[in-house]
Amino acid sequence: MQFEPGDQRRRLPRHLQAPPPEPDTFSYVIRPARVGDLPDVRGIYNHYVANSVVTFDEKASTHRYWREKFALLTKLKLPFLVAVTPSNAVIGYALVQPWASKSAYRYTVEDSIYLGPGAGGKGLGTVLLHALIEACEQIGLREVVAVISDSGAEASVRLHERAGFVEVGRMGRVGFKFGRSLGTIYLQRTLKPQRRRR
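An account of the accompanying structure is given in this report. Quick caveat: nothing in here was measured; it's all calculated off a predicted structure.

1. Let's talk about helix H4 (residues 154-162)
Owing to its 3.6 residues per turn, the α-helix brings residues three or four apart onto one side.
Then comes step 1: Listing the buried residues of H4 in full gives Val157, Leu159 and His160. Axial view of H4: buried residues confined to an arc of 160 degrees, hence all on one face.
Then comes step 2: Turning to H4, the residues buried within the fold contact strand E4 (108-115), helix H3 (124-138), strand E5 (143-149) and strand E7 (180-190).
Then comes step 3: The positive-phi residue at the C-terminal boundary of H4 is Gly164, with phi of around 95 degrees.

2. Remarks on the packing of aromatic side chains
Then comes step 1: Under the defined criterion, the tally for this structure stands at 11 aromatic pairs.
Then comes step 2: Sitting above the plane of the Trp66 ring, Lys69 keeps its charged end 5.9 Å from the centroid.
Then comes step 3: Over the aromatic face of Tyr107 sits the side chain of Arg142, whose NZ or CZ is 3.8 Å from the ring centroid.

3. Topic: the pairing of strand E6 (residues 166-177)
Then comes step 1: Two elements, E6 and E7, share eight bridges in a ladder whose sense is antiparallel. In the sheet register, Phe176 faces E7, and the bridge partner there is Ser181.
Then comes step 2: The turn linking E6 back onto E7 is made up of two residues, and Phe178 within it adopts a positive phi angle of 55 degrees.

4. Let's talk about the side chain of Glu137
Then comes step 1: In this structure, Glu137 sits in helix H3.
Then comes step 2: Of the side chains with opposite charge, Arg189 comes closest to the buried, unpaired Glu137, at an N-O distance of 4.1 Å.
Then comes step 3: With sequence-adjacent residues up to four places away left out, Glu137 is seen in contact with Arg189, Leu191, Lys192, Pro193, Gln194 and Arg195.

5. Things to note about the packing of helix H1 (residues 38-51) against helix H2 (residues 63-76)
Axis angle and axis distance: for two packed helices, these are the angle between their axes and the distance between the axes, and together they describe the pair.
Then comes step 1: At a minimum axis distance of 10 Å, the contact between H1 and H2 shows a crossing angle of 115 degrees. Here H1 lies roughly perpendicular to H2, going by the angle between them. Relative to H2, H1 is oriented so that their crossing is right-handed. On the side of H1, the interface is formed by Leu38, Pro39, Val41, Arg42 and Tyr45, while H2 contributes His63, Trp66, Arg67 and Phe70.

6. Quick look at the layout of surface pockets
Then comes step 1: Taken as a whole, the largest pocket spans an internal volume of roughly 880 Å³.
Then comes step 2: Around the largest pocket, the lining comprises 38 residues; the ones closest to its centre are Val54, Ser112, Ile113, Tyr114 and Ser156.
Then comes step 3: With seven residues, the single largest contributor to the lining of the largest pocket is H4.
Then comes step 4: Broken down by class, the residue content of the lining of the largest pocket amounts to 17 nonpolar, 13 polar and eight charged.
Then comes step 5: Roughly 370 Å³ of internal volume is contained in the second largest pocket.
Then comes step 6: Considering the residues around the second largest pocket, the lining is formed by 18 residues, among which Leu76, Leu78, Arg106, Arg197 and Arg198 are closest to the centre.

7. Some details on the sheet that holds strand E3 (residues 90-98)
Then comes step 1: Taken in spatial order, the seven strands make up an open sheet running E1-E2-E3-E4-E5-E7-E6, and their pairing is mixed. Of all strands in the sheet, those bounded by a partner on one side alone are strand E1 (29-32) and E6. Sheet twist, expressed as the average angle between the axes of neighbouring strands with direction ignored, equals 25 degrees.
Then comes step 2: As judged from the four bridges shared by E1 and strand E2 (residues 80-84), these two strands associate in the antiparallel manner.

8. A closer look at the pattern of salt bridges
Pairs can form between side chains of opposite charge whenever their charged atoms are close.
Then comes step 1: According to the stated counting rule, one finds three salt bridges in the structure shown.
Then comes step 2: Across the salt bridge formed by Arg31 and Asp37, the nearest N and O atoms sit 2.8 Å from each other.
Then comes step 3: Residues Glu68 and Arg64 are paired through a salt bridge, measuring 2.9 Å at the closest nitrogen-oxygen approach. Remark: Arg64 and Glu68 occur in helix H2; sequence separation between them is four residues, near one turn of the helix.
Then comes step 4: On the basis of relative accessibility, which here comes to 46%, the residue Glu68 falls in the partly exposed class.

Analysis parameters
Residues numbered from 1 in each chain as written. Predicted model: local features only at pLDDT ≥ 70, side-chain atom pairs only at ≥ 80, totals over all residues. Heavy atoms only, no water. Buried < 20%, exposed > 50% of the residue type's maximum accessible area, 1.4 Å probe, protein only. Helix = DSSP H or I, 4+ residues; strand = E, 2+ residues; numbered from the N terminus. Arc of directions from axis to C-beta. Contact = heavy atoms within 4.5 Å. Phe/Tyr/Trp six-rings, centres within 6.5 Å; stacked < 30°, edge-to-face > 60°. Lys NZ or Arg CZ within 6 Å of the ring centre and 35° of its normal. Pairing = 2+ DSSP bridges. Lys, Arg positive; Asp, Glu negative; His and termini not counted. Salt bridge = Lys/Arg side-chain N within 4 Å of Asp/Glu carboxyl O. Axes fitted to C-alpha atoms, helices over the stretch in contact; angles between N-to-C directions. Parallel < 35°, antiparallel > 145°, perpendicular 65-115°, else oblique. Left-handed = near helix turned anticlockwise from the far one by under 90°. 1 Å grid on protein atoms, 1.4 Å probe; cavity = no way out; pocket = protein on both sides within 12 Å on 5 of 7 lines; lining within 4 Å. Points joined across faces, edges and corners; volume = space filled by probe spheres on them. Nonpolar A, V, L, I, M, F, W, Y, C, P; charged D, E, K, R; others polar.

See below:
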């Protein structure tokens, strides 16, 4: 007896059928950034430069810019973390940089967190931010400030508030991008330094 294509009687018994494919799991590790990660970091950041107002940069960042930033953060011993997949693709990053150049600000930093396309909404931002806070506390930093656009960055505000940041101020119409005026929201979190920073 032959069966025509599509004939329902042709199905194998359940115990002989191939198991359904496993859903793709969202797996990654958080580790310190390396020079080899910088092209991916640049790509993630430039996506936001071109497509959003979460950064006020209007021109794509260069490889040189990221090499210099990496060298500065390394020299200052400030955390720069990346989230990488098992295939070593960078899907997000978090870093802190000096809040201001005067020496009295040496215990205060500004954070930046960006996730690659498809990595949002899965808890990665929360994991990165908590890892960044812990790394800051381990080196003796006392305050972290977040400067967030007042338009189109509501998820970033919520992320920081869930991590214990509180709003400390706003500035209106200080930026102009894509033909519209933009303001900034300032959030701050006090840290619990684990040791004295030199």
